Amino acid sequence: MFSASRKALRGERSPASIRANLLAGLTVGIIALPLSMALAIASGVPPQHGLYTAIVAGVVIALAGGSAVNISGPTAAFVVVLLPIVQEHGIGGLLIAGFMAGVILVLMGLARLGRLIEIVPYPVIIGFTAGIGVVIATLQIKDFLGLAIPSLDGHFTDKVTTIVQALGTLDPMEFLVGAVTLLVLLSWPRLNIKVPGHLVAVVVGSLLAWILGGLGDGYAVSTIGTRFQYEMNGIGGHGIPPLPPTFSWLATPTDADGEPVGFTLELIRTLLPSAFTIAILGAIESLLCAVVSDGMSGRKHSPNDELIGQGIGNMVAPFFGGIPATAAIARTAANVRAGGTSPLSSVTHGLFILVSIIFLSPLLAYIPMAAMAALLLVV
């Protein structure tokens, strides 16, 4: 256990290495900040829960896991699994399922099942990933076009039918913001500028939305601040609460009608299949990510330790409002390219997001929902 941290403590600790990992962590933090919010929203929970996941799970998994450079947090692969759980059992049910998945991951690591990833056929992985991409992209069309759809329920074909029927309600201003954000995301890499394109695109989209809002109510677009509210010490606010994640018992699960239900053996039996799905999916993605990062960095991970670390992170995160997490290939690749070589970069990425929550929450509320949708279309 904790093999990546132990290797890092025994390895190079020169000022240059420490500085490189700090800078890599800041780079990944800039990328992960909007992504974590967007993925939480796509999973059916308020955006701050994605940030809490990146902070708590990102740091714990990095320190407890078996890969020196993996960056963990909310990922796109989980969206299609988590959204139905939230719709059926609320965020309380999701947190309990995430904790159960963490236990399963630890047991998988202790049983030395880390090498099982080698028997998963490549076409299966590609087909599964492509399917996830299609579903996530479809779910973003509503906010990208500003369609007047109260909710997207039912099977995939039902969702597509609802979207097609609502195309006549397209909001030109929402579409403009989404299209500009998407254009920046697609074109920015061609400029070969080191500033992360995710940050630039979200800033451009937010500035455009702010300018449009100044022209009058008819030009205003939906933002994180208008879509999500919170209550803190009896005082309500819009957007994201400017507070760090705090320890609390798991939220109360609900039934399909939103009514609270007790924490019972029946609930555990109901959530167990979902917990297994989260655990297996998290195991596959984290180990695939570790293999990719090994090829990029020339290092070698410990697959069983990585499973245990993922499990510990997913057991701890729900007590701080974190949703299920696993290693993210895009953020990990950015970490390696930026010079990350140890868990210090992942810890730095989590601390950057923590500081952003405390000091930048009012600004984050101005991010348009259409810009978040554009970000997820690219993801």
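Look up: the structure comes first, before these words.
Residues numbered from 1 in each chain as written. Predicted model: local features only at pLDDT ≥ 70, side-chain atom pairs only at ≥ 80, totals over all residues. Heavy atoms only, no water.

Let us look at a positive patch on the surface. A cluster of like positive charges, contributed by Arg6, Lys7, Arg10 and Lys300, occupies part of the molecular surface. Counting through the fold element by element, Arg6 comes out in helix H1 (residues 3-10). For Arg6, a relative accessible area of 39% corresponds to the partly exposed category. (Patch = residues over 30% accessible without salt bridge, like charges linked within 9 Å, V, L, I, M, F, W, Y side chains within 5 Å. Areas by Shrake-Rupley, 256 points an atom, 1.4 Å probe, with all protein chains shown as cover. Salt bridge = Lys/Arg side-chain N within 4 Å of Asp/Glu carboxyl O. Lys, Arg positive; Asp, Glu negative; His and termini not counted. Charge placed at Lys NZ, Arg CZ, Asp CG, Glu CD. Helix = DSSP H or I, 4+ residues; strand = E, 2+ residues; numbered from the N terminus. Buried < 20%, exposed > 50% of the residue type's maximum accessible area, 1.4 Å probe, protein only.)

Let us now look at the pattern of salt bridges. Overall, the coordinates contain three salt bridges when judged by the stated rule. For the salt bridge of Lys142 with Asp143, the shortest nitrogen-to-oxygen distance reads 3.6 Å. Here Asp143 ties to Arg227 by a salt bridge, and the two come within 3.0 Å at their closest N and O atoms. Taken together, the residues Asp143 in helix H5 (residues 122-145) and Arg227 in helix H9 (residues 224-227) connect sequence positions 84 residues apart. For Asp143, a relative accessible area of 14% gives the class buried. Residue classification places Arg227 among the partly exposed residues on the basis of a relative accessible area of 32%.

A few words now on the packing of helix H3 (residues 47-64) against helix H13 (residues 343-364). At a minimum axis distance of 8 Å, the contact between H3 and H13 shows a crossing angle of 160 degrees. Taken as axis vectors, H3 and H13 run roughly antiparallel relative to one another. Where H3 crosses over H13, the handedness of that crossing is left-handed. Listed contacts from H13 to Leu51, Tyr52, Ala54, Ile55, Gly58, Val59, Ala62 and Leu63 of H3 are Pro343, Ser346, Val347, His349, Gly350, Ile353, Leu354 and Ile357. (Axes fitted to C-alpha atoms, helices over the stretch in contact; angles between N-to-C directions. Parallel < 35°, antiparallel > 145°, perpendicular 65-115°, else oblique. Left-handed = near helix turned anticlockwise from the far one by under 90°. Contact = heavy atoms within 4.5 Å.)

Our focus in this paragraph is H13. Between its first and last C-alpha atoms H13 spans 27 Å; for 22 residues at 1.5 Å apiece the expected length is 32 Å, and the helix comes up short by more than 12%. Considering bend angle alone, the principal kink of H13 is centred on Ile358 and spans about 60 degrees; proline Pro362 follows within four residues of it. Where H13 is concerned, the buried positions are Pro343, Ser345, Ser346, Val347, Thr348, His349, Gly350, Ile353, Ser356, Ile357, Ser361 and Leu364. Buried residues along H13 sit against H1, helix H2 (15-42), H3, strand E1 (72-73), H9 and helix H12 (329-337). (Expected span 1.5 Å × (residues − 1). Bend = angle between axes of the 7 residues up to and from the residue.)

What follows deals with the packing of aromatic side chains. Within the structure shown, the criterion is met by four aromatic pairs. Ring geometry for Phe99 against Phe319: centres 5.7 Å apart, planes inclined by 85 degrees, an arrangement best described as edge-to-face. Of this pair, Phe99 sits in helix H4 (residues 76-110) while Phe319 is found in the loop between helix H11 (303-316) and strand E4 (326-327), placing the two residues 220 residues apart along the sequence. We classify Phe99 as partly exposed; its relative accessible area is 26%. On the basis of relative accessibility, which here comes to 17%, the residue Phe319 falls in the buried class. Among the aromatic residues, those joined into a cluster by ring pairs are Phe99, Phe247, Phe319 and Phe320. (Phe/Tyr/Trp six-rings, centres within 6.5 Å; stacked < 30°, edge-to-face > 60°.)

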